[in-house]
Amino acid sequence: MSVTSRREFLKNAATHTAAVGFFCAGALESRANPLGMPIGCQTWPVRDMIAKDFPGTIKQLADAGFQTIELCSPVGYADSGFAGLAKYTGAQLRKILSDAGVSCVSSHFGIKELRDDQEARIAWAKDVGLTQMLVPSLEGPAKPTMDDVKRAADEYNKMGEKSASAGIQQGLHNENFELSSVDGKRTYDLLLEQLDPKLVKFQFQVSTISEGYDAAEYFTKHPGRFISMHVQGWSAKTKK
């Protein structure tokens, strides 16, 4: 372990970005693999650092004890600090990650970039060495109808099928659209019903507990549907 601890890196990262919510100090201070799985870092919280120095930032993450990294696509997240990753080939990105001693099997992609050219994004993912492509949201309307949810699910199932044929697992986060409701039922629950379990897995956004979405409840109710989670700190006292 480097002299830079995960706690110290978290503090340093906070000076570079306002979105450090993806870190959970409690988790980072616990055992490295409490569930027999590696603790990873989503790169969104350190996007400002990545925009300035991608290899250096990855090295710092590795030195802080992170074992796996989740990227954000330079196409879908170009305006969020990741445009600079486009200067690297997929093979070069893979080498930078490997040289730092971290693994990288997943990245976030905007649903729009998959709609525009999913084949190209799959090709990039395979060049980097990814086996998972996650989207933060299916980006349906704020107040969807059942037909809206069905259309979104049908579209994403087709995307999942195309990715699966290339050896890539498609996955869904839970953000804005997924937190809406239809006739008193959660859109997220409807998507769990309508998205093919073989073609689409889920990545739980733990901070949505503030909206009543409890991770343990979902993991227990839907075994095998979730492949990862983004962990945030939560205060039971302040409900924040």
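Parameters and conventions
Residues numbered from 1 in each chain as written. Predicted model: local features only at pLDDT ≥ 70, side-chain atom pairs only at ≥ 80, totals over all residues. Heavy atoms only, no water. Helix = DSSP H or I, 4+ residues; strand = E, 2+ residues; numbered from the N terminus. Buried < 20%, exposed > 50% of the residue type's maximum accessible area, 1.4 Å probe, protein only. Contact = heavy atoms within 4.5 Å. Areas by Shrake-Rupley, 256 points an atom, 1.4 Å probe, with all protein chains shown as cover. Axes fitted to C-alpha atoms, helices over the stretch in contact; angles between N-to-C directions. Left-handed = near helix turned anticlockwise from the far one by under 90°. Nonpolar A, V, L, I, M, F, W, Y, C, P; charged D, E, K, R; others polar. Pairing = 2+ DSSP bridges. Right-handed = clockwise from strand over helix to strand, strands pointing away. 1 Å grid on protein atoms, 1.4 Å probe; cavity = no way out; pocket = protein on both sides within 12 Å on 5 of 7 lines; lining within 4 Å. Points joined across faces, edges and corners; volume = space filled by probe spheres on them. Lys, Arg positive; Asp, Glu negative; His and termini not counted. Salt bridge = Lys/Arg side-chain N within 4 Å of Asp/Glu carboxyl O.

Remarks on the overall build of the protein chain
Right, on to step 1. Check the secondary structure of the protein chain and you find nine helices and nine strands.
Right, on to step 2. Classification of the 240 residues of the protein chain by burial places 46% in the buried group.
Right, on to step 3. A sequence separation of at least 24 residues applies to 75% of the contacts in the protein chain between residues at least 6 apart.
Right, on to step 4. For the protein chain, the accessible area works out to roughly 11800 Å², and carbon and sulfur atoms hold 52% of it.

Describing the packing of helix 5 (residues 90–100) against helix 6 (residues 111–128)
Right, on to step 1. Their axes nearest at 7 Å, the elements helix 5 and helix 6 cross at an angle of 35°. Here helix 5 runs over helix 6; the crossing is right-handed. Side by side, helix 5 and helix 6 meet where Gly90, Ala91, Leu93 and Arg94 of the first sit next to Trp124, Lys126, Asp127 and Val128 of the second.
Right, on to step 2. Of the residues belonging to the contact of helix 5 with helix 6, the class tally is four nonpolar, one polar and three charged.

Quick word on the pairing of strand 9 (residues 226–230)
Moving residue by residue along a regular strand, the side chains alternate between the two faces of the sheet.
Right, on to step 1. Sheet topology note: the strand 8 (residues 200–205)/strand 9 ladder contains four bridges and is parallel. Looking at the pairing, Gln203 lines up with Ser228 of strand 9.
Right, on to step 2. Running through helix 9 (residues 215–221), the crossover from strand 8 to the neighbouring parallel element strand 9 is right-handed.

Thoughts on the layout of surface pockets
Right, on to step 1. Its volume calculated, the second largest pocket comes out at about 320 Å³.
Right, on to step 2. As for the second largest pocket, its lining consists of 20 residues, and the residues nearest its centre are Tyr77, Pro136, Ser137, Glu175 and Asn176.

As for the side chain of Glu178
Right, on to step 1. Tracing the sequence through the fold places Glu178 in the loop between strand 5 (169–172) and strand 6 (181–182).
Right, on to step 2. At 8.8 Å, Arg115 is the nearest oppositely charged side chain to Glu178, a buried residue that forms no salt bridge.
Right, on to step 3. With sequence-adjacent residues up to four places away left out, Glu178 is seen in contact with Pro136, Ser137, Leu138, Glu139, Leu172, His173, Thr187, Tyr188, Leu191 and Tyr213.

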